[in-house]
Amino acid sequence: MDDGALGVYVHLPFCERICPYCDFAVVRAHPLGEAVETRYLDALLAELALRRDDFAGRPLRTLYLGGGTPALLRPESVARLLGAIRDAFPPDAEPPETTLEVNPSTLERERLPAFRAVGVTRLSVGVQSFDDRLLHRLGRAHRAEASRATLRAARAAGFEKVSLDLLFGVPGQSVAGFVADLEEALAFAPPHVSVYQLTVEPGTPYATAVRRGQLAPPDEEESVAMFQAAEARLGAAGLRRYEISSYARPGAESLHNRRYWARLPVLGLGMGAWSTDPPARGAPFGARRANVRELPVYLERVEAGVSPGEPAERLDARTARGEAVFLALRTAEGLAARGFAREFGAPPRRFYGEAIAELTAARLLAEAEDGSLRLTPRGVLVSDSVFERFV
């Protein structure tokens with residue numbers, strides 16, 4: 001799939017503290033020194049110069065600064081970065097949606113007006129919970145009052161597009177406690193809320209604690225109840241679930257995240273960043289590239305004028321078909337059979353007839369007359385098991 005446009009993701013890996021459940025490509029920097037910041041920024045711009053020709057002529061539609069903790073960068077560094085990326089590609093009809101991830105801290109909160117002044121249009125705030133006990137258990141550096149202050153400061157700075165991240169399935173969390181988090185989040189009238197189930201990733205301190213019996217996540221029944229509570233509370237407040245973990249008021253959906261679910265081109269810059277390259281000769285279904293996850297290696301390669309990415313994975317038809325199905329099924333709209341047939345030569349049933357028949361019989365998938373597919377409410381609860389049938 002290709003809309004002729006481009007999204008850019010920039011990974012800023014620096015964190016003042018690394019959360020024990022995190023397996024992202026991050027490095028501890030407390031504080032983030034100016035020399036380290038400048039060197040990394042220079043490397044990002046050098047990588048942009050190496051990669052821009054692969055996306056030449058594409059208007060910039062979305063720009064996302066993630067991490068890590070990207071708001072640790074000084075506003076003047078963010079301004080330099082945004083300016084270079086915008087100058088590298090033609091302007092779109094509208095200014096690009098420009099998202100910055102923010103953690104609730106005094107430093108980041110004080111910088112919000114300056115971030116808005118340099119062109120950030122959307123904030124994603126890592127609240128996670130309004131319960132100090134759970135924040136401590138998660139290893140977060142902030143407390144609930146810092147989240148409240150940051151959300152107030154975002155409004156005061158003039159940000160209309162603000163997203164809150166909440167976690168459920170946290171050890172020690174109750175259904176009632178999660179509902180309280182939802183209600184407090186809604187008190188700020190956010191246009192967008194992302195609700196993620198805590199995943200215990202192998203190799204993290206959390207995984208070690210769970211294996212030793214020191215932490216016990218809520219059982220499956222409780223986690224399902226939390227998910228359903230999010231659906232009910234957020235839906236009643238006018239936030240529609242447009243993707244498994246994402247809820248928004250009409251018009252407030254994340255345009256950048258939609259690019260991933262639609263398999264549209266995204267240039268990833270920075271340590272550990274992923275790119276989705278557009279279709280090209282020899283790669284009719286596009287390609288994926290992953291940058292190295294080690295900061296010294298990333299810097300050395302870019303400073304030597306060498307790509308920091310691993311060899312590109314050119315997607316074959318089988319892989320692309322599977323990804324087209326499960327990524328579209330993540331969305332409320334589901335998979336459009338006609339679009340799928342235009343790309344792959346036949347509707348989904350031609351390739352996945354047995355799986356579709358079994359999943360619809362189990363009431364996990366709903367199939368329209370034209371062959372389009374979407375998850376049922378029951379299917380959403382076991383979506384990973386559904387997706388496995390297509391990959």
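Before reading on, note that the structure itself is shown above.
Criteria and cut-off values
Residues numbered from 1 in each chain as written. Predicted model: local features only at pLDDT ≥ 70, side-chain atom pairs only at ≥ 80, totals over all residues. Heavy atoms only, no water. Patch = residues over 30% accessible without salt bridge, like charges linked within 9 Å, V, L, I, M, F, W, Y side chains within 5 Å. Areas by Shrake-Rupley, 256 points an atom, 1.4 Å probe, with all protein chains shown as cover. Salt bridge = Lys/Arg side-chain N within 4 Å of Asp/Glu carboxyl O. Lys, Arg positive; Asp, Glu negative; His and termini not counted. Charge placed at Lys NZ, Arg CZ, Asp CG, Glu CD. Helix = DSSP H or I, 4+ residues; strand = E, 2+ residues; numbered from the N terminus. Pairing = 2+ DSSP bridges. Buried < 20%, exposed > 50% of the residue type's maximum accessible area, 1.4 Å probe, protein only. Polar contact = N/O pair within 3.5 Å; in protein donor to acceptor, adjacent residues only side chain to side chain. Contact = heavy atoms within 4.5 Å. Core = buried A, V, L, I, M, F, W, Y, C linked by side-chain atoms within 4.5 Å.

Caption draft 1: How the structure looks around a negative patch on the surface. On the surface, Asp219, Glu220, Glu221 and Glu222 cluster together to form a negatively charged patch. Within the fold, Glu220 resides in helix α9 (residues 220-236).

Caption draft 2: Quick peek at the pairing of strand β13 (residues 287-290). Where strand β12 (residues 274-277) and β13 come together, four bridges link them in antiparallel fashion. Counted as the bridge partner of Thr276 is Arg288 from β13. With two bridges connecting them, β13 and strand β14 (residues 313-314) associate as antiparallel partners. The partner of Arg288 across the bridge, within β14, is Glu313.

Caption draft 3: Fine view of the side chain of Ser246. Locating Ser246 in the fold gives a position in strand β10 (residues 246-248). Residue classification places Ser246 among the buried positions, given a relative accessible area of 2%. In terms of polar contacts, Ser246 uses its side chain to reach the side chain of Glu243, at 2.9 Å. In contact with Ser246, other than residues within four places in its own chain, are His192, Val193, Ser194, Arg240, Arg241 and Trp261.

Caption draft 4: Structural context of the pattern of salt bridges. Applying the stated criterion across every chain yields a total of 27 salt bridges. Taking the shortest distance from any N to any O, the salt bridge between Glu37 and Arg74 comes out at 3.1 Å. Residue Glu37 is found in helix α1 (residues 34-51), and its partner Arg74 is found in the loop between β4 (60-67) and α2 (75-88); the two are separated by 37 residues along the sequence. The exposure class assigned to Glu37 is buried, which follows from its relative accessible area of 3%. Between Glu184 and Arg148 there is a salt bridge, with the nearest N and O atoms lying 2.4 Å from each other. Of this pair, Glu184 sits in helix α7 (residues 175-187) while Arg148 sits in helix α6 (residues 144-156); the two residues are 36 residues apart in sequence, bridging distant segments of the chain.

Caption draft 5: Representation of the nonpolar core within the structure. Ranked by size, the top nonpolar core spans 90 residues in total, and within it Val8, Val10, Ile85, Phe89 and Phe390 carry the most contacts. Top element by residues in this core is α1. It accounts for six residues. In contact with Phe390, other than residues within four places in its own chain, are Gly322, Val325, Leu329, Tyr352, Ala355, Ile356, Leu359 and Leu365. Membership of the second largest hydrophobic core comes to 10 residues, among which are Cys19, Tyr21, Leu138 and Val170.

Caption draft 6: Quick look at the pairing of β4. For β4, the tally of buried residues reaches seven of eight residues, placing the bulk of the element in the interior. Judged from the seven bridges that link them, strand β1 (residues 6-12) and β4 form a sheet pairing that is parallel. Within the sheet, the bridge partner assigned to Leu12 lies in β4 and is Gly67. Looking at chain direction, β4 and strand β5 (residues 97-102) are connected through four bridges and run parallel. The residue of β5 that forms the bridge with Leu65 is Leu100.

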